[in-house]
Amino acid sequence: MTLLQKRKIRLLVKRIIRNDKQKKLYILNTHWLKIKKQKLRRRKRTFIKLWKLKRLNTLRRYQLAS
């Protein structure tokens with residue numbers, strides 16, 4: 001096999017792999033809205049937990065002070 005043939009085969013393989021990767025990414029990204037909403041829900045939950053903890057700490061601090 002000549003160098004030119006090897007190069008053509010290499011390019012062909014690279015193109016096939018790239019196309020597969022693009023298809024895979026496209027399939028993964030079809031549910032981007034669901035993923036985004038899920039992330040927002042999770043973020044909201046953690047913010048609420050943090051807020052509750054902060055509120056409890058301030059209430060405890062005021063109870064200890066008085």
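Our subject is the structure listed above.
I will try to describe carefully the structure that is included in this document. (Residues numbered from 1 in each chain as written. Predicted model: local features only at pLDDT ≥ 70, side-chain atom pairs only at ≥ 80, totals over all residues. Heavy atoms only, no water.)

In terms of regular secondary structure, the chain is built from two helices and zero strands. For 66 residues, the compact-globule estimate of 2.2 N^0.38 gives 11 Å, and the C-alpha radius of gyration of the chain, at 27 Å, exceeds that figure by more than 25%. Taking the principal axes of the C-alpha coordinates as reference, the chain spans close to 90 × 25 × 10 Å. For the chain, buried positions account for 0% of its 66 residues. Accessible surface, the chain: about 7400 Å² in total, of which carbon and sulfur atoms supply 62%. (Helix = DSSP H or I, 4+ residues; strand = E, 2+ residues; numbered from the N terminus. Rg over C-alpha atoms; globule rule 2.2 N^0.38 Å. Buried < 20%, exposed > 50% of the residue type's maximum accessible area, 1.4 Å probe, protein only. Areas by Shrake-Rupley, 256 points an atom, 1.4 Å probe, with all protein chains shown as cover.)

Time to look at helix H2 (residues 32-65). For H2, spanning 34 residues, the distance from its first C-alpha to its last is 49 Å, which sits close to the expected 50 Å at 1.5 Å a residue. Of all 34 residues in H2, zero are buried; the element is thus mostly exposed. (Expected span 1.5 Å × (residues − 1).)

Next up on the list: a nonpolar patch on the surface. Side chains of Met-1, Ile-9, Val-13 and Ile-17 sit close together on the surface and give an oily, nonpolar patch of about 410 Å² of accessible area. Along the chain, the position of Met-1 falls in the segment before helix H1 (3-28). A residue is classified by how much of its surface remains accessible, and Met-1, at 68% relative accessible area, is exposed. (Patch = residues over 30% accessible without salt bridge, like charges linked within 9 Å, V, L, I, M, F, W, Y side chains within 5 Å. Salt bridge = Lys/Arg side-chain N within 4 Å of Asp/Glu carboxyl O.)

Quick look at the environment of Lys-21 now. As for its position among the elements, Lys-21 is in helix H1. Judged by relative accessible area, which is 55%, Lys-21 ranks as exposed. Sequence spacing of Lys-21 and Lys-36 is 15 residues, and the spatial spacing of their C-alpha atoms is 22 Å.

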